[in-house]
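So you can see what is in the structure, the chains are spelled out below.
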Amino acid sequence: MPSKESWSGRKTNRAAARKSKQEGRQQDLLIAALGMKLGSQKSSVTIWQPLKLFAYSQLTSLVRRATLKENEQIPKYEKVHNFKVHTFRGPHWCEYCANFMWGLIAQGVKCADCGLNVHKQCSKMVPNDCKPDLKHVKKVYSCDLTTLVKAHTTKRPMVVDMCIREIESRGLNSEGLYRVSGFSDLIEDVKMAFDRDGEKADISVNVYEDINIITGALKLYFRDLPIPLITYDAYPKFIESAKIMDPDEQLETLHEALKLLPPAHCETLRYLMAHLKRVTLHEKENLMNAENLGIVFGPTLMRSPELDAMAALNDIRYQRLVVELLIKNEDILF
């Protein structure tokens with residue numbers, strides 16, 4: 001008669017065999033679903049073809065989206081000089097060719113951002129190496145974005161940093177944030193404060209209690225940019241991305257469009273979209289989702305290079321969609 005120990009051992013072996021057989025069947029099903037070969041079979045198993053295609057598409061999508069997150073080296077951006085015809089008092093020499101600048105009036109041109117003095121003809125050969133000087137850059141609003149950040153040696157305009165910090169410290173739960181307008185006179189006061197005092201401008205709650213004044217000042221800064229945050233050169237690519245139906249292809253095109261932006265513009269856009277993403281996290285209180293913010297910021301950040309009014313009007317819906325996509329996919333695109 002078999003002992004209790006031997007009977008227990010055979011029971012354990014049978015349970016292990018059943019478990020191994022069950023795992024084998026599950027593995028065979030998985031292999032079959034993906035269309036891989038079983039054992040020594042010559043033809044691949046093609047059962048559950050729809051599942052195979054779905055798994056492949058999901059894997060491809062994940063790989064393509066992960067690729068967008070890879071850090072890329074920011075291309076070097078050279079700032080062109082902002083030359084304007086100038087009349088010099090007293091004798092002057094060209095800082096490019098070192099020759100005398102003849103004449104009594106309009107002897108040459110001067111860069112309004114860095115102060116470089118050259119002949120008009122020499123200005124066509126000067127390298128794009130403008131280094132703006134604060135003594136020449138006397139305003140914040142209506143100043144070229146790259147000029148401003150180079151003059152202040154910052155990544156982003158101080159207006160954007162200061163306004164966003166103030167908004168996030170006391171305004172994220174404000175109903176209709178960015179949609180509700182503040183008093184235009186007070187918004188103009190904020191603008192003059194930045195132009196006059198720069199980083200020392202006081203936009204705290206003690207001076208401007210209504211947070212909509214700060215949001216209005218931030219939107220006004222972007223509207224006043226001579227070159228929009230999403231530049232005229234990059235504009236067609238962004239609009240093209242909004243018209244694409246396939247989500248993955250749409251993100252890839254949007255990623256390519258971001259590469260067309262100068263570094264200062266791209267960094268400012270990244271910072272703004274991260275902020276707007278945080279605004280949407282408080283949607284229950286502020287009632288502002290990505291779609292609503294896209295309606296507000298689309299025409300603010302993008303301006304059509306086309307002079308045709310009808311063409312520009314037709315682009316408004318795509319401008320809204322571009323900003324909405326940037327907000328929703330901020331963690332992937334930047």
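Before reading further, recall that the structure is shown in the block above.
All figures in this text were calculated on a predicted structure; none of them were measured in a lab. Numbering of residues starts from 1 in every chain and runs along the sequence as written. For a predicted model such as this one, the threshold for reporting local features is a pLDDT of at least 70, and the threshold for listing and counting side-chain atom pairs is 80 or more; totals across whole chains, interfaces and linings nevertheless cover every residue. Side-chain measures here rest on the full set of heavy atoms in the structure, leaving out hydrogens and waters.

Caption draft 1: Inspection of the overall build of the chain at higher detail. Going along the chain from the N terminus, every DSSP run of H or I of four or more residues is numbered as a helix, and every run of E of two or more is numbered as a strand. A count of helical and extended segments in the chain gives 14 helices and 3 strands. A total of 334 residues make up the chain; the buried ones form 41% of that total. In the chain, the proportion of contacts linking residues at least 24 apart, taken out of those at least 6 apart, comes to 66%. Computed with a 1.4 Å probe, the accessible areas rest on the Shrake-Rupley method; for each residue, only the protein chains presented here act as cover. Working note: accessible area of the chain is about 19,900 Å², and carbon and sulfur atoms make up 55% of it. Residue burial is assigned from relative accessible area. The probe radius is 1.4 Å, only protein chains are included, and a residue is buried under 20% of its type maximum, exposed over 50%, and partly exposed in between. Only heavy atoms enter the contact rule, under which two residues are in contact if any of them lie within 4.5 Å.

Caption draft 2: Local environment of the layout of surface pockets. Estimates place the volume of the second largest pocket at around 540 Å³. Polar here means any residue other than Ala, Val, Leu, Ile, Met, Phe, Trp, Tyr, Cys and Pro, which are nonpolar, and Asp, Glu, Lys and Arg, which are charged; Gly is therefore polar. Looking at the lining of the second largest pocket residue by residue, the classes come out as 10 nonpolar, 8 polar and 7 charged. Delimitation of the domains relies on an automatic or database domain assignment. Counting residues domain by domain, the lining of the second largest pocket receives three or more from each of domain 1 (76-136) and domain 2 (158-332). Site definitions follow a grid-based scheme: protein atoms alone, a 1 Å grid, a 1.4 Å probe that fits but cannot get out for cavities, and for pockets an open set with protein on both sides within 12 Å along at least five of seven lines, plus lining residues having an atom within 4 Å of a point. Grid points are joined across faces, edges and corners, and a volume is the space filled by probe spheres set on the points.

Caption draft 3: Representation of the pattern of salt bridges within the structure. A pairing counts as a salt bridge when a side-chain nitrogen of Lys or Arg comes within 4 Å of a carboxyl oxygen of Asp or Glu. Under the criterion given, the structure shown has 12 salt bridges. In this structure, the salt-bridge partner of Lys237 is Glu240, at a minimum N-O distance of 3.8 Å. Taken together, the residues span about one helical turn, with Lys237 and Glu240 both in helix 7 (residues 235-242) at a distance of 3 residues. A relative accessible area of 39% places Glu240 in the partly exposed class. In this structure, Lys259 and Glu256 form a salt bridge, with 3.2 Å as the shortest nitrogen-oxygen distance. Residue Lys259 and its partner Glu256 are both found in helix 8 (residues 247-259); the two are separated by 3 residues, about one turn of the helix. Its relative accessible area of 39% is what places Lys259 among the partly exposed residues.

Caption draft 4: Spotlight on helix 13 (residues 316-328). Given a helix with a known number of residues, its expected span is that number minus one, times 1.5 Å. Taking 1.5 Å as the rise per residue, helix 13 with 13 residues should run 18 Å; its terminal C-alpha atoms sit 19 Å apart, in good agreement. Taken together, the buried positions of helix 13 are occupied by Tyr318, Gln319, Val322, Val323, Glu324, Leu325, Leu326 and Ile327. Looking at the buried side of helix 13, the elements it contacts are helix 7, helix 8, helix 9 (263-280), helix 11 (290-301), helix 12 (309-314) and helix 14 (330-333).

Caption draft 5: Focus on the nonpolar core. Nonpolar cores are built from buried Ala, Val, Leu, Ile, Met, Phe, Trp, Tyr and Cys residues. Side-chain atoms within 4.5 Å join them into one set. Judged by nonpolar contacts, the single largest core of 68 residues is most densely connected at Tyr178, Phe194, Tyr221, Phe238 and Leu301. No other element matches the 8 residues that helix 6 (residues 211-224) contributes to this core. In this view, Leu301 contacts Phe222, Pro228, Leu229, Ile230, Leu269, Leu272, Met273 and Val323; residues no more than four positions away in its chain are not counted. One finds Phe88, Leu116, Val118 and Val126 within the second-largest nonpolar core, a separate group that totals 10 residues.

Caption draft 6: Examining the state of the cysteines more closely. The term disulfide is used for any two cysteine sulfur atoms that are within 2.5 Å. Tallied over the entire structure, the rule returns 0 disulfides. Between Cys94, a free cysteine, and Cys97, which holds the nearest cysteine sulfur, the sulfur-to-sulfur gap is 3.7 Å.

Caption draft 7: Expanded view of the sheet that holds strand 1 (residues 83-86). Judged by pairing direction, the sheet is antiparallel, and its 3 strands sit side by side in the order 1-2-3 without closing on themselves. At either end of the open sheet lies a strand with only one pairing partner, and these are strand 1 and strand 3 (117-118). Two strands form a pair only when DSSP identifies at least two bridges running between them.

Caption draft 8: Layout of the packing of aromatic side chains. Side-chain rings of Phe, Tyr and Trp, where Trp is taken by its six-membered ring, are said to pair if the distance between their centres is within 6.5 Å; with planes under 30 degrees apart they count as stacked, over 60 as edge-to-face, and otherwise as tilted. A full pass over the atoms with the stated rule returns 5 aromatic pairs. Here the aromatic rings of Tyr178 and Phe297 are separated by 5.0 Å at their centres, their planes lie at 70°, and the arrangement is edge-to-face. Of the two residues, Tyr178 is situated in the loop between helix 4 (158-170) and helix 5 (184-197) and Phe297 in helix 11; the sequence distance between them amounts to 119 residues. Neither Tyr178 nor Phe297 differs from the other in exposure class; each is buried. Ring geometry for Tyr221 and Phe222: centres 5.6 Å apart, planes at 65°, overall edge-to-face.

Caption draft 9: Focus on a nonpolar patch on the surface. A residue counts toward a patch only above 30% relative accessible area and without a salt bridge, and it is joined to like-charged neighbours within 9 Å or, for Val, Leu, Ile, Met, Phe, Trp and Tyr, to nonpolar neighbours within 5 Å. A cluster of nonpolar residues, Met310, Leu313 and Ile316, forms a patch on the protein surface that exposes about 290 Å² of accessible area. With respect to the helices, strands and loops of the structure, Leu313 is situated in helix 12.

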